[in-house]
Amino acid sequence: MALSEQKTRRIIVCDTDKCNGCQICEFVCSVVKEKTTNHKKSRIRATRIEPFFNIAIACRKCEKPTCERACPRDAIRVLPDGSIQIDKDKCNGCGWCIESCEFGALRLRFDGGTAFTCDFCADLGEPQCVKYCPKKALRYITLEEAAKESVKDVLLSIVDKGGK
Amino acid sequence: MKGYAGKYLKVNLSNHGLMTETIDEGMATGYIGGLGFGARTLLDTIPKGTDAPSPENVLAWWTGPVSGTILPTGSKFGVFALSPLTGAFGFGICSGGFANELKSAGWDGVVLTGKSDKPTYLFVNDGAPELRDASRYWGMTTWQTEDAIKEDLGDSAIRVAAMGPAGERLVRLANITTDRNRQVGRSGMGAVMGSKNLKAVAVRGTGDVEVGDLDGLMKFSTELNERCQGPKTEKYRVYGTPANILVHNRLACLPSYNFQKGSFERAEDVSGEQMSKTHVKKILACTNCPVGCDHVNEVKDGPYAGTVASVDYESLGQLGPLCGVGDLNAITKAVEVCDELGVDTISAGVIVAWAMECVQRGLLTKDDTDGIDLRFGNGDAMVEALKRMSLKEGKLGNLLSEGVKRASERVGKGSDKFAIHCKGMEWAAYSMRSLQTSTLGFCTSIRGADYLRSGSYQVDVAGKVDRLKLDASRGKIVYEGENQYAIIDSLIICKFTRGVYSSMDEIAKAYTLVTGLEMSGQELVKAGERIYNVAKCFNVRFGLTRKDDYPPPRAFEEPMTDDVAKGAQIDRRQYDEALDSYYGGRGWTKDGIPTKAKLLELGLKREADEVGA
């Protein structure tokens with residue numbers, strides 16, 4: 001990926017303080033992408049580690065996607081915006097891409113057995129899970145922006161404690 | 001019909017028989033799901049004279065039509081059985097991912113009968129359910145059981161609902177836990193599991209849940225989700241239900257010292273506001289809930305450092321002010337003990353508070369308490385008593401594990417006068433004498449002293465009626481609330497979203513979008529009335545009458561001493577008048593028995609023949 005593309009590469013960032021594990025992102029995803037309510041068909045995955053930690057993770061648009069390298073059938077292609085495209089005809093459901101992904105961002109269809117992952121609702125302009133997240137825990141932003149927000153959060157917490 | 005799976009699983013634990021049964025449209029529109037299906041199951045399958053802890057008792061798990069869909073707060077289920085605590089209609093309704101999972105697995109519910117000869121658990125693996133050995137999990141806490149079963153089945157997405165050691169020991173207030181912080185809390189459903197040697201139900205569901213109108217449902221759910229960020233649910237989102245502590249304290253309706261008082265001198269210390277500042281580590285949401293009210297506490301210092309538990313108003317009230325305890329560390333620890341060992345926090349708090357009053361009055365000695373210094377305000381003693389009660393350890397543990405009604409009968413010496421329960425189920429955290437419409441609703445409730453059957457405390461707290469008096473206008477408030485709540489409990493949605501629907505017609509709209517079946521608000525209310533009457537018929541079968549619809553003597557005999565409610569007590573004549581207005585409006589006799597005419601009007605012919613007056 002070229003440097004200029006890196007700057008504009010947007011991913012779904014989850015604020016783990018705000019994420020409360022409601023899984024509404026998963027439901028929305030299944031309705032929008034699969035036309036059914038089945039959160040196990042969601043492209044974003046909400047995970048809770050008891051008792052406090054919650055996060056929802058979708059494809060991270062990795063710089064060097066392990067899924068692409070893991071695929072023995074050349075079914076995975078990286079699009080210019082960094083998102084992953086899986087060729088259903090080439091995919092035979094071996095699952096190596098799923099195993100290789102550190103973020104659990106790919107899934108295998110229960111029926112048909114091919115892999116699928118988040119396409120950031122490219123046809124709708126923005127990921128619908130982000131739009132519907134009731135606590136605004138999800139944002140679709142560039143890593144640059146995410147980093148700036150983190151710095152802001154740290155500074156604000158210092159100001160809160162009476163710092164200057 | 002959509003929304004429903006259209007079938008349920010029937011399990012005979014005695015011979016390990018598994019059968020599939022269907023659900024037809026008449027059952028669906030007549031009884032909706034959840035509580036409606038539960039009421040139908042208990043009345044249809046449990047004969048008169050059945051003992052609660054016996055193989056003949058039936059343990060029914062029901063989802064509602066909206067479970068598994070995107071409708072906000074729809075992932076709820078109920079568990080129903082003859083209650084070991086009350087000997088009457090027992091159940092608890094619970095959130096968490098379990099209901100979605102069961103529906104996705106292709107089942108509306110599971111109905112278990114019989115008793116397994118060894119520890120077992122049911123694994124509903126999509127369309128292939130099986131009973132499995134649970135010896136390895138016997139003795140484990142609820143949380144350990146959930147984790148261990150998921151690990152053994154190799155799938156962390158599986159949902160598990162388990163009883164704890166209290167259920168194994170048939171403690172009458174034993175509950176069922178799922179998703180760590182969610183409970184089928186009241187009326188002893190965990191003890192029914194224990195009596196059947198059923199440690200847990202685990203579910204994996206991977207199928208789609210089809211709905212009547214997906215686009216319409218998505219649009220409506222989106223609107224509801226937005227409303228759920230508005231003022232109607234603000235209380236739940238910010239401080240959670242513990243916000244009630246200071247409100248109730250100001251109105252002298254925060255029960256303290258075993259309902260001797262209606263306010264607490266350390267209310268500030270245990271308020272939702274204080275808890276948020278010093279103890280709440282994270283606010284969580286149940287599966288598919290846009291509100292998020294679950295305030296999870298962490299104890300940072302002292303002997304209970306490291307304790308983590310979800311603390312809501314009822315637990316806080318009964319394990320705090322009711323026991324005279326003003327220490328959030330001890331309260332959080334107490335909730336953790338109850339949750340892990342598997343007992344209902346509300347009942348647990350009332351039982352310990354009763355024991356503390358026995359100690360206060362010299363009716364229980366140090367010998368009776370196995371040396372525990374069970375004085376009001378002693379948080380450590382409370383925690384210790386809860387452990388012993390949950391594990392049935394020693395004299396004290398065995399006594400308390402029976403529930404406050406039986407315990408007070410055993411101790412005698414007038415201790416039944418301050419055993420605060422109705423029908424044997426312990427009173428929730430609403431003062432009896434300074435919230436009198438609430439008290440009427442607690443007593444007409446089919447499962448015992450219960451704030452969740454009619455919500456009749458709301459008119460009192462909001463000042464819509466004179467809460468220190470009763471009259472003939474209150475019956476209608478209670479039964480209309482009961483009919484409406486029966487629908488909420490049958491769909492099943494969360495009561496915290498009741499305010500975001502503008503009318504029953506809107507709730508009916510949700511039903512139609514999900515199921516594709518025509519339904520109006522009025523028809524829903526009628527179904528609610530039918531459901532409530534069916535549950536009532538079950539109680540009549542088990543011998544309950546008017547005498548079982550009264551609060552304990554303290555409500556009538558001891559005037560309150562708190563400033564804002566000084567002298568408040570319930571006037572027996574007024575209570576009778578209010579109860580008459582309730583029965584009359586319900587179409588029941590003065591003895592609290594549904595008339596044949598009312599039952600026939602609701603299409604309940606068999607019931608009219610059996611119990612109708």
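Computed from a predicted model, the values in this text were never measured in an experiment.

Procedures and definitions
- Residues numbered from 1 in each chain as written.
- Chains lettered and ligands numbered in written order.
- Predicted model: local features only at pLDDT ≥ 70, side-chain atom pairs only at ≥ 80, totals over all residues.
- Axes fitted to C-alpha atoms, helices over the stretch in contact; angles between N-to-C directions.
- Helix = DSSP H or I, 4+ residues; strand = E, 2+ residues; numbered from the N terminus.
- Parallel < 35°, antiparallel > 145°, perpendicular 65-115°, else oblique.
- Contact = placed C-beta atoms within 7 Å.
- Nonpolar A, V, L, I, M, F, W, Y, C, P; charged D, E, K, R; others polar.
- pLDDT = per-residue confidence, 0-100.
- Domains from an automatic or database assignment.
- Buried ≥ 20, exposed ≤ 12 C-beta atoms within 10 Å, placed from the backbone.
- Core = buried A, V, L, I, M, F, W, Y, C linked by C-beta atoms within 7 Å.
- Pairing = 2+ DSSP bridges.

1. Some words on the packing of helix α19 (residues 474-491) of chain B against helix α21 (residues 521-541) of chain B
All names here are of chain B. Interaxial distance between α19 and α21 falls to 8 Å at its minimum, and their mutual angle equals 90°. Of the possible angle classes, the one that applies to α19 and α21 is roughly perpendicular. Residue-level contacts link Glu482, Asn483, Gln484, Ala486, Ile487 and Ser490 of α19 to Leu524, Val525, Ala527, Gly528, Glu529, Ile531 and Tyr532 of α21. Taken together, the residues of the contact of α19 with α21 break down into seven nonpolar, four polar and two charged.

2. Some details on the confidence of the model for chain A
Across chain A, pLDDT averages 92, with 95% of residues at or above 70. Predicted confidence in chain A is weakest over helix α1 (residues 3-8) of chain A, with a mean pLDDT of 64, and strongest over helix α5 (residues 128-132) of chain A, with 98.

3. Focus on the domain arrangement of chain A
The assigned domain composition of chain A is domain 1 (10-58 + 118-164) and domain 2 (62-102 + 109-117). Here the C-alpha centroids of domain 1 of chain A and domain 2 of chain A sit 22 Å apart.

4. Quick notes on the interface of chain A and chain B
Each partner contributes to the interface: chain A provides 19 residues, whereas chain B provides 28 residues. For the side of chain A that touches chain B, the element with the highest residue contribution is helix α2 (residues 24-34) of chain A, accounting for three residues.

5. Thoughts on the environment of Leu600(B)
Residues and elements named next belong to chain B. Counting through the fold element by element, Leu600 comes out in helix α24 (residues 596-601). A tally of 14 C-beta atoms within 10 Å means that Leu600 is categorised as partly exposed. Spatially, the C-alpha atom of Leu600 lies 9.1 Å from that of Gly612, the residues being 12 residues apart in sequence. Leaving out residues up to four positions away in the same chain, Leu600 has contacts with Lys605 and Ala608.

6. Regarding the nonpolar core
All names here are of chain B. Grouped together as the largest cluster of nonpolar side chains are 247 residues, with contacts concentrated most on Val110, Ala355, Met382 and Ala385. The leading source of residues in this core is helix α13 (residues 345-360), at 11 residues. Apart from the residues lying within four places of it in its own chain, the contact partners of Val110 are Tyr8, Leu9, Val11, Trp61, Leu122, Val124 and Val201.

7. Things to note about the sheet that holds strand β1 (residues 7-12) of chain B
Residue and element names in this part refer to chain B. Overall, mixed pairing links the six strands, which are arranged β2-β1-β6-β3-β4-β5 in an open sheet. In this open sheet, the two strands that pair with only one neighbour each are β2 (17-22) and β5 (89-94). Each strand of the sheet is rotated relative to its neighbour by a mean of 15°, with strand direction disregarded. Pairing geometry for β1 and β2, over six bridges, is antiparallel. Bridging across to β2, Val11 finds its partner in Leu18. Most of the contacts of helix α2 (residues 34-45) go to strand β4 (residues 77-82), to which it runs at about 20°, and overall it touches β3 (59-63), β4, β5 and β6 (109-113).

8. Considering the pairing of strand β13 (residues 280-284) of chain B
Residue and element names in this part refer to chain B. Within β13, four of the five residues are buried, leaving the element largely enclosed by the surrounding structure. Relative to strand β14 (residues 294-298), β13 runs antiparallel, the two being bridged by four bridges. Residue pairing in the sheet places Lys282 in a bridge with Val296 of β14.

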